[in-house]
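Here's the letter readout for the chains.
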Amino acid sequence: MNLNLDFDSCGHVATPIGAISVYVKNDSIVYVHMGQPVAPTYGNSPIVDLALRQINEYVSGERQNFDLPLTTGGTDFQRAVWDQIKLIPYGQTVSYAQIAQALGKPLASRAVGGAVGSNPVAILIPCHRVMGASGKITGYSGGDGIPTKRWLLALEGIKSAD
């Protein structure tokens with residue numbers, strides 16, 4: 001969990017993959033944390049309420065896309081990777097190499113992997129839809145790691161090659 005997080009409100013929702021906490025600053029989501037520790041309800045933000053409702057709809061299979069304000073920070077390269085991830089449709093995946101190619105940096109697959117792993121708003125920017133070139137799961141930094149990614153992929157009807 002990001003210990004240097006600056007926020008003015010937060011809350012959490014219980015899901016089949018554990019608690020998902022949402023942190024908001026200036027009416028924009030700055031961080032999503034999956035698992036422990038759970039964010040207490042702090043502050044009063046309609047954005048936190050909306051995000052928790054949309055996350056609950058997503059994990060219940062009732063929502064495929066999020067419509068929420070995000071402030072991700074990050075480097076220019078990280079933001080470019082996250083923008084590519086936002087383009088991945090529900091129920092589909094792309095590889096790290098495909099993202100690198102889309103960015104015009106075909107040799108940057110590992111750097112793309114680093115940016116994917118640094119996504120501060122996992123699920124909302126669906127980094128679980130990024131796979132290894134062979135279609136295998138290569139890692140996941142949210143929740144319980146690979147089991148959480150497998151669950152999210154299964155929710156969307158995606159099968160991995162492993």
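Just so it is clear, the structure is predicted and the values come from calculations on it, not from any experiment.

(A) Here's a closer look at the nonpolar core. Counting 38 residues, the largest nonpolar core has Ile29, Ile85 and Ile123 as the members making the most contacts within it. It is helix H1 (residues 46-59) that provides the largest number of residues to this core, a total of seven residues. Residue contacts for Ile29: discarding those within four places in its chain leaves Val22, Tyr23, Val24, Ile47, Ala51, Leu68, Pro69, Leu70, Thr71, Val121 and Leu124. Ranked by size, the runner-up nonpolar core spans six residues in total, among them Leu5, Cys10, Tyr23 and Tyr31.

(B) Looking closely at the packing of helix H2 (residues 76-86) against helix H4 (residues 109-117). It is the contact of H2 with H4, at a shortest axis distance of 9 Å, that shows an interaxial angle of 80°. The angle between H2 and H4 places the two elements in the roughly perpendicular class. Here Phe77, Gln78, Val81, Trp82 and Ile85 of H2 come into contact with H4, specifically with Ala111, Val112, Ala115 and Val116. Tallied by class, the residues present in the contact of H2 with H4 amount to eight nonpolar, one polar and no charged.

Cut-offs and rules
- Residues numbered from 1 in each chain as written.
- Predicted model: local features only at pLDDT ≥ 70, side-chain atom pairs only at ≥ 80, totals over all residues.
- Heavy atoms only, no water.
- Core = buried A, V, L, I, M, F, W, Y, C linked by side-chain atoms within 4.5 Å.
- Buried < 20%, exposed > 50% of the residue type's maximum accessible area, 1.4 Å probe, protein only.
- Helix = DSSP H or I, 4+ residues; strand = E, 2+ residues; numbered from the N terminus.
- Contact = heavy atoms within 4.5 Å.
- Axes fitted to C-alpha atoms, helices over the stretch in contact; angles between N-to-C directions.
- Parallel < 35°, antiparallel > 145°, perpendicular 65-115°, else oblique.
- Nonpolar A, V, L, I, M, F, W, Y, C, P; charged D, E, K, R; others polar.

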